[in-house]
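The primary structure of each chain is shown beneath.
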Amino acid sequence: MDYLQGLNPNQKLAVTTTEGPLLVIAGAGSGKTRVLTTRIAYLIRERQVPPYRIAAVTFTNKAAQEMRERLHALIGPSAEQVAMGTFHSLCVRILRSEVAYSAYQPNFQIFDQTEQLALIREVCRELNLDPKRIPPKALLASISKAKDELITPEEYPAAGGDFWEQTVAKVYGKYQQKLVQNNALDFDDLIMVVVRMFQQHPQIKNKYQERFEHILVDEYQDTNRAQYELVHILAQRTGNICVVGDEDQSIYAFRGADIRNILEFEKDFPGAQVVKLEENYRSTQNILGAANSVISNNTERKAKQLWTKRDPGEKAVFYQGDNERGEARFVADTIRRLQKERGWSYRDFTILYRTHALSRVLEEEFMRSGVPYRIVAGLRFYERKEIKDLLAYLRLINNPHSDLSFVRVVNTPKRGIGASTIARLSAYAQEFGISLFEALSYLDGIDGLSPRFVKALRGFKNLIDSLCEQSGELDLTELVQAVLEQSGYLAELQAEGDEEAQIRMENLQEFLSLTKQFETEGSAADLGALLEYVALISDVDTYDAEANAVSMMTVHASKGLEFPVVFIVGLEEGIFPHARSTFEEGQVEEERRLMYVAMTRAQERLFLTCAQQRTLYGATRPNAVSSFVREIDGQYLEEQGSSFMSVQRILPPTAPKPGVSPDAYQVGDKVEHKVWGRGMVVSVSDSGGDLLLSIAFPGKGIKKVMAHLAPITKV
DNA sequence: TATATAGTGTTTTTT
DNA sequence: ACACTATATA
């Protein structure tokens, strides 16, 4: 049992307590993933549990992947047999096997938020609801909440409820009907449908209860009601349920996560044992002390004190800039200083913020001072228009009855098929209860369609029919290429020819390399598998820790990650904690947990910054220092010069470049930028003695820089 | 049917 | 400030 070596006593206990319910309270950086993987290895090796009888649930694909890799290293190929994945991917797998017991066809698809909203808007139109008075987003939030709580449209309180609930009930019913019509499920459905199936068909429930002897759940503090129910059902027979979590890191209440699940585990699972992992292996004493002093202000938590054997390290540093630019300058200067003086690499630094809106100033400052950076999440690959268009084509080929995909691509690229034509087609389809695509077979029977539109629609039908045929013969990459070429999509982009079209084409190229990779790696490389894969992955999954650049992300995105040096920026009242949280005490506690998560990402150094005055959303206002900063025990904190000048003394600014003459740059000049690489000047304008250049960097877009300040050289 | 303009709402979002 | 959406107009 050499793999138990090096575990501390509580970690060992968490690994070897294999029978009955077990709650592992795993503080930040306490070796949680190691415990989980070792536990699975222990079950297989020491307790002779067959690997396929173990289910391990995580919250991200990345976490599942990491766990699988580590398990593989411990026990070899049998790691592949463990049912490991996110709640959603596990449910999709169950649903695939038992689809006959559901309301869906085997080739069902999964709708993301954009598609959900499109459907809601459609329902609102049909019900004559004013989207201004009744925002589709709010409707979707209410529906999603209902699904998280396993409430069906029929059960939704229509009669007894207030006006809002009555409205939601109406929309919910129609929305669900449309989902089924589209043979589609939203993310919430995936869980709810499986739970319902278990409840209605005891033989299926029994099958999975028999199958899984041991259930492990990671990040239990972030489970919602439906997920709780699923876990509960699966574990009912054996009672072998191990959940791992930390109530102090519960930051997804707004998505339905119910902190109650972890706080009351012992009530829900009588006889449960509890193991606490309080030794932190990640951060220095000062960082941990600072984080502890903040989180101890929360009341909704179990008493817990993280400790570490590590050295005290340096104190956390607090800095207040005059404004957001001064703050950004401090961050950039400090990074360059530590990089030079202490030998850190750019990849060792991470900047965390409460909202994406704060990233822009930092970006500008980094660009100016030549610090390489990348933003994690934010602009999402799979939410880009061109990718979604392409996916809609692929979905339509996979399932021609998908009306939503149909509407998305029928006039993309432009084929002269507009809203009124689609409305006529749609009316016909509705009358006969068929899909839009099917309706294309009866074009002669539709009133009010002039020959011009009939011809356009027929052309579209031929295109899709032809692509469907080809999909049988071509491999995935070839099929995607065929779609892009035969649909005219690529041609339209080429015709546009501007920088934006260029980027879109590169993204599509990127998608092609993804399908190539999928083909070589995936066991089942068919279209359905690809669509399912892209529906369930996110961008944090593709976060690459290798690239040598400073990373920036929201605090939410940083969960589960760790970095040598962390900057938490925008620590101002109203920003962090966010203004919308200050009304309810429960929400302030959630913000505090968010702050705690942010602080505990840091291994060696922690910097906390804010600005006296900030321009945000077009308004400039003075901001008070975040109450969270004031909650930090003074012994762990050191204040650094509050004006830009004092930083300058420590670090001389970049040597000023010689002045730029008005004709130093001309449109068409090729330049080399320290961060963005090679580019071409597309516009030059005079700006207070300096030149403002717009430079097009292939694949990175057009960036505006000051000739005098930017790290560029002519080539 | 495609395009220009006005209006709107701006936390976080593992899936 | 800005990006996205709904509506008016050519």
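An account of the accompanying structure is given in this report. (Residues numbered from 1 in each chain as written. Chains lettered and ligands numbered in written order. Predicted model: local features only at pLDDT ≥ 70, side-chain atom pairs only at ≥ 80, totals over all residues. Heavy atoms only, no water.)

**What about unusual backbone geometry?**
Selection rule: Secondary structure elements follow DSSP: runs of H or I of four or more residues count as helices, runs of E of two or more count as strands, with numbering from the N terminus.
Cis geometry marks the peptide bond from Thr412 to Pro413; its omega dihedral reads 0°. Along the chain, Pro413 turns up in the loop between helix H17 (403-409) and helix H18 (419-432). For the peptide bond that leads from Phe576 to Pro577, omega is 10°, which places it in the cis range. Examined against the element boundaries, Pro577 turns out to sit in the loop between strand E13 (563-568) and helix H26 (585-599). The phi torsion at Leu150 lies on the positive side, around 65°, for a residue other than glycine. Note that Leu150 resides in the loop between helix H6 (136-148) and helix H7 (163-181).

**Here's the deal with the sheet that holds strand E6 (residues 214-217)**
What counts here: Two strands qualify as a pair provided DSSP detects at least 2 bridges between them. Lines are fitted to the C-alpha atoms to define the axes, a helix being fitted only along its stretch in contact, and any angle between axes, read from their N-to-C directions, falls within 0 to 180 degrees. Contacts are residue-level and defined by heavy atoms, with any inter-residue pair within 4.5 Å sufficient.
The six strands lie next to each other as E3-E2-E6-E7-E1-E8, forming an open sheet whose pairing is parallel. The two strands at the open ends of the sheet, each matched to only one other strand, are strand E3 (83-86) and strand E8 (273-277). If you compare each strand with its neighbour and ignore which way they point, the axes differ by 15° on average. The pairing of strand E1 (residues 22-26) with E8 spans five bridges and is parallel. Across the sheet, residue Ala26 finds its bridge partner in E8, namely Leu277. Helix H1 (residues 9-16) rests against E1 and E8 of the sheet, and its axis sits at about 145° to E8.

**With respect to the pattern of salt bridges**
Two side chains of opposite charge can pair, provided their charged atoms sit close to one another. This is how it is decided: By salt bridge we mean one thing: a side-chain nitrogen of Lys or Arg within 4 Å of a carboxyl oxygen of Asp or Glu.
As enumerated under the stated definition, the model contains 46 salt bridges in all. For Asp218, the salt bridge is made with Lys32, and the minimal N-O distance between the two is 3.4 Å. Here Lys32 lies in helix H2 (residues 32-45) and Asp218 lies in the loop between E6 and helix H10 (225-235), a separation of 186 residues in the sequence. The salt bridge partner of Arg614 is Glu572, with a shortest N-O separation of 2.6 Å.

**Observations concerning the protein's contact with DNA strand C**
Stated precisely, the cut-off is as follows: If a single non-hydrogen atom of a residue is within 4 Å of a molecule or strand, that residue counts as near it. Charged means Asp, Glu, Lys or Arg here, nonpolar means Ala, Val, Leu, Ile, Met, Phe, Trp, Tyr, Cys or Pro, and polar covers whatever is left, Gly included.
Within the structure, DNA strand C sits among Arg121, Arg360, Tyr617 and Gly618. Of all DNA strand C atoms lying within 4 Å of any protein atom, the proportion belonging to sugar or phosphate reaches 44%. Taken together, the residues of the surface near DNA strand C sort by class into one nonpolar, one polar and two charged.

**Some points on the packing of H6 against H7**
To characterise two packed helices, one gives the angle between the axes of the helices and the distance between these axes. As a reminder of what qualifies: For classification purposes, an angle smaller than 35 degrees is called roughly parallel, one larger than 145 roughly antiparallel, one from 65 to 115 roughly perpendicular, and anything else oblique.
In contact at an axis separation of 10 Å, H6 and H7 are set at 75° when each is read in the N-to-C sense. One way to sum up the angle between H6 and H7 is to call them roughly perpendicular. Residue-level inspection shows Ala138, Leu139, Leu140, Ser142, Ile143, Ala146 and Lys147 of H6 in contact with H7, the latter providing Trp164, Thr167, Val168, Val171, Tyr172, Tyr175, Gln176 and Leu179. Split into classes, the residues belonging to the contact of H6 with H7 amount to 11 nonpolar, three polar and one charged.

**Some details on the nonpolar core**
Across soluble globular proteins, nonpolar side chains show a tendency to be buried alongside one another. The condition that has to hold: Grouping buried Ala, Val, Leu, Ile, Met, Phe, Trp, Tyr and Cys residues that are joined through side-chain atoms within 4.5 Å yields what is termed a nonpolar core. The cut-offs for exposure are 20% and 50% of the maximum accessible area for each residue type, with area from a 1.4 Å probe on protein chains only; residues under the lower value are buried, those over the upper are exposed, and the others partly exposed.
Among the nonpolar cores identified, the biggest contains 68 residues, and Phe198 and Ile241 are the most heavily contacted of them. Looking at which element gives the most residues to this core, the answer is helix H8 (residues 187-200), with eight residues. Setting aside its immediate chain neighbours within four residues, Phe198 contacts Ile94, Ile204, Lys205, Tyr208, Leu230, Ile233 and Leu234. Core analysis: the next-biggest nonpolar cluster, separate from the first, contains 65 residues, Val361, Phe563, Phe576 and Tyr596 among them.

**Some words on the packing of aromatic side chains**
Aromatic ring pairs are described here by two measures, namely the spacing of the ring centres and the angle between the planes. The criterion, for reference: Aromatic contacts are taken between Phe, Tyr and Trp rings whose centres are within 6.5 Å, Trp giving its six-membered ring; a plane angle under 30 degrees counts as stacked, one over 60 as edge-to-face, and the others as tilted.
Scanning all chains against the criterion turns up 16 aromatic pairs. Note on Phe198 and Tyr208: the rings are 5.7 Å apart at their centroids and 40° apart in plane angle, and the pair reads as tilted. Of the two residues, Phe198 sits in helix H8 while Tyr208 sits in helix H9 (residues 202-211), which places them 10 residues apart along the sequence. By relative accessible area, Phe198 is classed as buried at 1%.

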